[in-house]
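# Remarks on the overall topology
Okay, here's what each chain looks like letter by letter:
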Amino acid sequence: MNDGSRDLQQLQQQRTALAQRLRLPWWYLAATAVLIAAVLALPFLQPRYISEEVGQSSLPVLILTQIGLSRLLVRTTGVKYRGRNMTYPSARPVMWVTLAWALTSVAGEHVLLGRGHSVLAIALVIVMAAAAVGIALWQNAAIRHDIRQGRAVSR
């Protein structure tokens, strides 16, 4: 075996090892689902159960908690995710799906609550939290695939 093929084989092994480290732990997915559900439940809870000031102040707390979870994920996996996953070509379509998910969840909840369908709004929150976890898993799988294939684009 010549040096070139041995180096390529070693590179492929390193890519595979890095891709294996990118698995999202169960606690991260569960916490993400709870945080998304909490953010989507704020409009439902605000008029009846909590004041508007509490609702407005809890949103930054939830966002900071998500940032803390992301930092903990970096410490756990040892891999730093970039903010916008433009580095990974397979993850680019996920950004559009995430945008559509966000708009659909907020608009759908607003319409359901406006028409007095509280039960359907709660069901929508649960479905959208599960969809957020599915999107995170899909994005992670796309990034792992790009790393294995060597398709990550350097900036």
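Residues numbered from 1 in each chain as written. Predicted model: local features only at pLDDT ≥ 70, side-chain atom pairs only at ≥ 80, totals over all residues. Heavy atoms only, no water.

### Digging into helix H5 (residues 118–149)
Inclusion rule: Helix and strand assignments follow DSSP, with helices taken as H or I runs no shorter than four residues and strands as E runs no shorter than two, numbered in order from the N terminus. Here a helix's expected span is defined as the number of its residues, less one, multiplied by 1.5 Å.
Relative to the 46 Å expected for 32 residues at 1.5 Å per residue, H5 spans 46 Å between its end C-alpha atoms, a close match to the ideal helical length. One or two steps after H5, the chain reaches Gly 150, where phi turns positive at roughly 75°.

### Re the nonpolar core
The line we're drawing: The criterion is simple. A nonpolar core is a set of buried Ala, Val, Leu, Ile, Met, Phe, Trp, Tyr and Cys residues joined through side-chain atoms within 4.5 Å. Burial classes: relative accessible area under 20% of the type maximum marks a residue as buried, over 50% as exposed, and values in between as partly exposed (1.4 Å probe, protein chains only). In this description, contact between two residues means that some pair of their heavy atoms is separated by no more than 4.5 Å.
Counting residues in hydrophobic clusters, the biggest one holds 12 residues: Ile 36, Leu 40, Val 94, Trp 101, Leu 112, Ala 121, Leu 124, Val 125, Met 128, Ala 129, Ala 132 and Ile 135. Here the element with the most residues in this core is H5; it accounts for seven residues. The residues touching Ala 121, leaving out its near neighbours within four places in the chain, are Leu 112 and Leu 113.

### Describing the side chain of Asn 140
What counts, and what does not: Nitrogen and oxygen atoms within 3.5 Å of one another constitute a polar contact, given that in protein one can donate a hydrogen and the other can accept it, and given that sequence-neighbouring residues count only through two side-chain atoms.
As for its position among the elements, Asn 140 is in helix H5. One polar contact links Asn 140 to Arg 144, side chain to side chain, over a distance of 2.7 Å.

### Description of the environment of Ile 126
Along the chain, Ile 126 turns up in helix H5. Residue classification places Ile 126 among the exposed positions, given a relative accessible area of 57%. Once the C-alpha coordinates of Ile 126 and Leu 40 are considered, the two residues, 86 residues apart in sequence, prove to be 9.1 Å apart.

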